[in-house]
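Tertiary structure, described
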Amino acid sequence: YAPDSSGGLLFDIKDRLIRKLDELNTDQVFEFVKNKLEDPGTDKSYLPTYAGYMADLKTKTSYELLNRFLSKQLAHVSDYYSVFYKAKDSLNLAMILFPAVAEGFSKDTSENYSLAVLTKALLDSGLLKYDVIKPYEANLINLSQKDRYQKTDKKHIFNSYSGDTFLSILNYSPDRAIIYDHFRQLSTSKNIWCAYYGAYYLLKNNQDVNKKLIQSFAEYPYLRTYLFNDYSAINKLERFPAKYKNQLSFAEADLYTYGYDMDEIELDKLKFVKSINIKHKGKEAQIYIFKISYDDSKESYTGFTGPYYTGDKLNIKADRTGIYYEEEYVKGAEELYYQKYLETYYKD
């Protein structure tokens, strides 16, 4: 039977197996799982589950066994993502898996994201030296640019999402000329995420980045918040475009972020309508009101962000960002909808 996570026979068997293993003590689990991992007749679809249980034991012996086992699974080491995520909270034990599992970056041509996350954590901790990773640098470069040629749709920027984990690993490389050249190539990508992180790592290393490129990132409301926080963290906030360094700009970005993070839908149109003055926690503040719509709907709704306290510094994330869905947007009813929204979600 093929693996089935939708409730079929294999799923039922695995579910019963997991419940049975949960009834055993640590020594019993170790012996049972050890035998299964070492038995060539074990159904391969069960191996990641068994390996995950071995990772949970968190002992030197269990991780030495995992090292031997995973050394023989390098061609599809990404199947064992649960092992790497579980090892991340026990970095000294995770070091036992290296250098063997690092070869997975060259043997397994899939994403290998979980292995990359663990590798980054070990490099950040100082336990792992880049010399161990250096033989696979070319593979990491290839993995980090797999989305480079996927052009970003401005209305659906998350469809082309590409993270920075591989770049954060490559940033440890001593071959700065090669790595900076790679970052520059990414910064010219039509994929906004590849371009964003390529530019970010250039700035982080005090390399020049075109002013217009940075402004193009700030034009995306969701990226605007990333940009401010990331550049603040590396003391490059002076490179944040002045055009977008205002409260209305971040209110727009906050509402856009809310729409995606809470509803997993990207806003198509967002129009600032008005601000209203309120008193919140004894202080004068403002609520920003927007008319919003989604690209797959003709309806419009009322969005709110705030409160923004008068005279305060820029607020990047408001406490009361939300969208009132119960009724469609009606001009002139914004304050009424805001009160209805508060009555539904806030009691103070």
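You'll find the structure just up there.
Residues numbered from 1 in each chain as written. Predicted model: local features only at pLDDT ≥ 70, side-chain atom pairs only at ≥ 80, totals over all residues. Heavy atoms only, no water.

Here we look at the packing of aromatic side chains
Taken as a whole, this structure holds 23 aromatic pairs when the rule is applied. An angle of 80° between the planes, with centres 5.7 Å apart, marks the rings of tryptophan 193 and tyrosine 226 as edge-to-face. Of this pair, tryptophan 193 sits in helix 13 (residues 192-204) while tyrosine 226 sits in helix 15 (residues 221-233), and the two are 33 residues apart along the sequence. For tyrosine 226, a relative accessible area of 26% translates into the label partly exposed. Relative to tyrosine 338, the ring of phenylalanine 304 lies with its centre 5.2 Å away and its plane at 55°, an arrangement referred to as tilted. Note that phenylalanine 304 is positioned in strand 3 (residues 300-309) and tyrosine 338 in helix 17 (residues 334-345), a separation of 34 residues in sequence. Note on phenylalanine 304: relative accessible area 0%, which makes it buried. (Phe/Tyr/Trp six-rings, centres within 6.5 Å; stacked < 30°, edge-to-face > 60°. Helix = DSSP H or I, 4+ residues; strand = E, 2+ residues; numbered from the N terminus. Buried < 20%, exposed > 50% of the residue type's maximum accessible area, 1.4 Å probe, protein only.)

Some words on the packing of helix 2 (residues 26-38) against helix 4 (residues 60-70)
Look at helix 2 against helix 4: their axes get within 11 Å of each other, and the N-to-C directions meet at 10°. The angle between helix 2 and helix 4 falls in the class roughly parallel. Where helix 2 abuts helix 4, its residues Phe30, Lys34, Leu37 and Glu38 lie against Thr61, Ser62, Leu65, Arg68 and Phe69. Among the residues forming the contact of helix 2 with helix 4, the class breakdown is four nonpolar, two polar and three charged. (Axes fitted to C-alpha atoms, helices over the stretch in contact; angles between N-to-C directions. Parallel < 35°, antiparallel > 145°, perpendicular 65-115°, else oblique. Contact = heavy atoms within 4.5 Å. Nonpolar A, V, L, I, M, F, W, Y, C, P; charged D, E, K, R; others polar.)

Focus: the sheet that holds strand 3
The strand order across the open sheet formed by four strands is 1-2-3-4, and the pairing between neighbours is antiparallel. The open sheet is flanked by strand 1 (267-280) and strand 4 (322-324), the only strands paired with a single partner. Taking each pair of neighbouring strands and ignoring which way they run, the sheet shows an average axis angle of 25°. As judged from the eight bridges shared by strand 2 (residues 283-294) and strand 3, these two strands associate in the antiparallel manner. (Pairing = 2+ DSSP bridges.)

Things to note about a nonpolar patch on the surface
Together, Tyr81, Tyr85 and Tyr113 make up an exposed nonpolar region whose accessible area comes to about 330 Å². Following the sequence through the fold, tyrosine 81 ends up in helix 5 (residues 81-87). (Patch = residues over 30% accessible without salt bridge, like charges linked within 9 Å, V, L, I, M, F, W, Y side chains within 5 Å. Areas by Shrake-Rupley, 256 points an atom, 1.4 Å probe, with all protein chains shown as cover. Salt bridge = Lys/Arg side-chain N within 4 Å of Asp/Glu carboxyl O.)

A short note on helix 13
With 13 residues, helix 13 ought to run about 18 Å at 1.5 Å a step, and its terminal C-alpha atoms sit 18 Å apart, in line with that. Across the 13 residues of helix 13, 12 count as buried, placing the element largely inside the fold. Two residues or fewer past helix 13, asparagine 206 is found with a positive phi of approximately 60°. (Expected span 1.5 Å × (residues − 1).)

Remarks on the side chain of serine 160
Looking at the secondary structure, you find serine 160 in the loop between helix 10 (137-144) and helix 11 (165-170). Overall, serine 160 belongs to the buried group, its relative accessible area being 2%. At a separation of 2.8 Å, a polar atom in the side chain of serine 160 contacts the side chain of threonine 152. Apart from the residues lying within four places of it in its own chain, the contact partners of serine 160 are Gln150, Thr152, Asn191 and Trp193. (Polar contact = N/O pair within 3.5 Å; in protein donor to acceptor, adjacent residues only side chain to side chain.)

As for the nonpolar core
With 91 residues, the main nonpolar core has Leu37, Leu97, Phe98 and Ile292 as its most contacted residues. A per-element tally of this core places helix 13 first, with 11 residues. Residues within four places of leucine 97 in sequence aside, it is in contact with Tyr63, Leu66, Asn67, Leu70, Val83, Phe84 and Leu118. One finds Ile278, Tyr309, Ala333 and Tyr338 within the second-largest nonpolar core, a separate group that totals 13 residues. (Core = buried A, V, L, I, M, F, W, Y, C linked by side-chain atoms within 4.5 Å.)

Thoughts on unusual backbone geometry
Here phenylalanine 98 and proline 99 are connected by a cis peptide whose omega angle stands at 10°. With respect to the helices, strands and loops of the structure, proline 99 is situated in the loop between helix 6 (91-94) and helix 7 (104-107). Following glycine 306, the chain continues into proline 307 via a peptide bond in cis, with omega recorded as -5°. Unlike most non-glycine residues, lysine 58 shows phi in positive territory, near 55°. Here lysine 58 shows up in the loop between helix 3 (47-56) and helix 4. Accessibility expressed as a relative area gives 27% for lysine 58, which makes it partly exposed.

Topic: the pattern of salt bridges
Under the counting rule described, the total for this entry stands at 13 salt bridges. Lysine 86 is the salt-bridge partner of aspartate 56, the closest N and O atoms lying 3.0 Å from each other. Separated by 30 residues along the polypeptide, aspartate 56 in helix 3 and lysine 86 in helix 5 bring together distant segments of the chain. By relative accessible area, which is 41% here, aspartate 56 ends up partly exposed.

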